[in-house]
Amino acid sequence: WRRLAAERWPALRTDPHAWALLNLNTSLEAEGCWQRVYPALQQQATWSCTLLKSGRAMCNIVMHQVGGIPLVGPGSDMLVIERRFPMSQLSSFVDLETASLMYIEPEGDEDRRGYQAFIEYLLSRQRVGLGVDDNRRVILVPPCDFLRTNLSYAGPALIAVIQTVGPAYY
């Protein structure tokens, strides 16, 4: 079970905080945890794409839905982060009740360096990333108080908040 679950979501082996996002009342230390988590992972929406910042490819990522409204269809093959805004504005800009919540991890080991560099870039500037995919606003949130307070997530990963937006946004 561990191998099957880890193939679908590798970060579950190394990020114990991710388990809390699954809302399965189990943890990495619990007996039989991998057997309990695997069926939930099979049902979970995922989205794989290349993350670009200022037109430059940073890394390939995989997003796993961990909450919110169901994500309808995968997004495009590329997610361009065109804007950034201060973390302090998250509470007024993000409506978690109308969003899809995604845990983000690098697609492969070769993507880990670019993924970590993007997180460090956002953290050093106290910013979150903002991209648009079709009619979706994708907000990439690095580890911060907002995630700890609102999602009880204290791990090292990026979390995407995906909101559907209307034509007036464009």
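Residues numbered from 1 in each chain as written. Predicted model: local features only at pLDDT ≥ 70, side-chain atom pairs only at ≥ 80, totals over all residues. Heavy atoms only, no water.

> Any details on the overall build of the chain? Residues and values, ideally.
When helices and strands are counted, the chain shows six helices and seven strands. Its C-alpha atoms give the chain a radius of gyration of 15 Å, near enough to 15 Å, the size a compact globule of 170 residues would have. A principal-axis box enclosing the C-alpha atoms of the chain has dimensions of 45 × 35 × 30 Å. Considering only residue pairs separated by 6 or more positions, the chain has 69% of its internal contacts joining residues 24 or more positions apart. Accessible area of the chain: about 8800 Å², with a carbon and sulfur share of 47%. Each charge class in the chain can be summarised by its mean position, and for the 16 positive and 17 negative side chains these summaries are 5 Å apart. (Helix = DSSP H or I, 4+ residues; strand = E, 2+ residues; numbered from the N terminus. Rg over C-alpha atoms; globule rule 2.2 N^0.38 Å. Contact = heavy atoms within 4.5 Å. Areas by Shrake-Rupley, 256 points an atom, 1.4 Å probe, with all protein chains shown as cover. Lys, Arg positive; Asp, Glu negative; His and termini not counted. Charge placed at Lys NZ, Arg CZ, Asp CG, Glu CD.)

> Residue-level account of helix H5 (residues 112-124), with values.
Between the first and last C-alpha of H5 there are 18 Å, a value that for 13 residues agrees with the 18 Å anticipated at 1.5 Å per step. For H5, the full list of buried residues reads Gly 114, Tyr 115, Phe 118, Ile 119, Tyr 121 and Leu 122. Looking straight down H5, one finds that the buried residues subtend no more than 155 degrees of arc, so they occupy a single side. Every exposed residue of H5 that faces more than 90 degrees away from the buried side is listed here: Arg 113 and Ser 124. A positive backbone phi angle near 55 degrees is found at Gln 126, which sits one or two residues after H5. (Expected span 1.5 Å × (residues − 1). Buried < 20%, exposed > 50% of the residue type's maximum accessible area, 1.4 Å probe, protein only. Arc of directions from axis to C-beta.)

> I'd like a description of the packing of aromatic side chains, backed by residues and values.
One pass over the structure, following the stated rule, counts six aromatic pairs. Between Tyr 103 and Tyr 153, the ring centres sit 6.0 Å apart and the planes meet at 85 degrees, which makes this aromatic pair edge-to-face. With Tyr 103 in strand S4 (residues 99-106) and Tyr 153 in the loop between helix H6 (145-151) and strand S7 (158-164), this pair connects stretches of sequence that are 50 residues apart. Given the relative accessible area of 1%, Tyr 153 is considered buried. Taken together, the aromatic side chains of Trp 9, Tyr 103 and Tyr 153 make up a single cluster linked through ring pairs. A cation over a ring is seen here: Lys 53 above Tyr 121, with NZ or CZ 4.0 Å from the ring centre. One residue, Arg 136, lies across the ring of Trp 47, its end atom 5.5 Å from the ring centre. (Phe/Tyr/Trp six-rings, centres within 6.5 Å; stacked < 30°, edge-to-face > 60°. Lys NZ or Arg CZ within 6 Å of the ring centre and 35° of its normal.)

> Before we move on, can you summarise the sheet that holds S4 with the specific residues and values?
With respect to topology, seven strands assemble into a closed barrel ordered S1-S2-S4-S7-S6-S5-S3, the strand pairing being mixed. Neighbour-to-neighbour, the strand axes of the sheet open up by a mean angle of 40 degrees, direction not taken into account. The strands touched by H5 within the sheet are strand S1 (46-53), strand S2 (56-68), strand S3 (78-86), S4, strand S5 (127-133), strand S6 (136-141) and S7, with S2 carrying the most contacts at an inclination of about 75 degrees. (Pairing = 2+ DSSP bridges. Axes fitted to C-alpha atoms, helices over the stretch in contact; angles between N-to-C directions.)

> So what about the layout of surface pockets? Which residues, and what values?
Taken as a whole, the largest pocket spans an internal volume of roughly 320 Å³. Lining of the largest pocket is provided by 18 residues; of these, Ala 11, Thr 14, Glu 105, Pro 106 and Arg 112 occupy positions nearest its centre. Mapped onto the lining of the largest pocket, the elements with two or more residues apiece are S4 and H5. Grouping the amino acids of the lining of the largest pocket by side-chain chemistry returns nine nonpolar, three polar and six charged. (1 Å grid on protein atoms, 1.4 Å probe; cavity = no way out; pocket = protein on both sides within 12 Å on 5 of 7 lines; lining within 4 Å. Points joined across faces, edges and corners; volume = space filled by probe spheres on them. Nonpolar A, V, L, I, M, F, W, Y, C, P; charged D, E, K, R; others polar.)

> Account for helix H3 (residues 33-43), naming residues and giving values.
By the burial criterion, the buried members of H3 are Cys 33, Trp 34, Val 37, Tyr 38 and Leu 41. Relative to the axis of H3, the buried residues are bounded by an arc of 120 degrees and lie together on one face. Each element contacted by the buried residues of H3 is listed here: helix H1 (2-8) and helix H2 (16-21).

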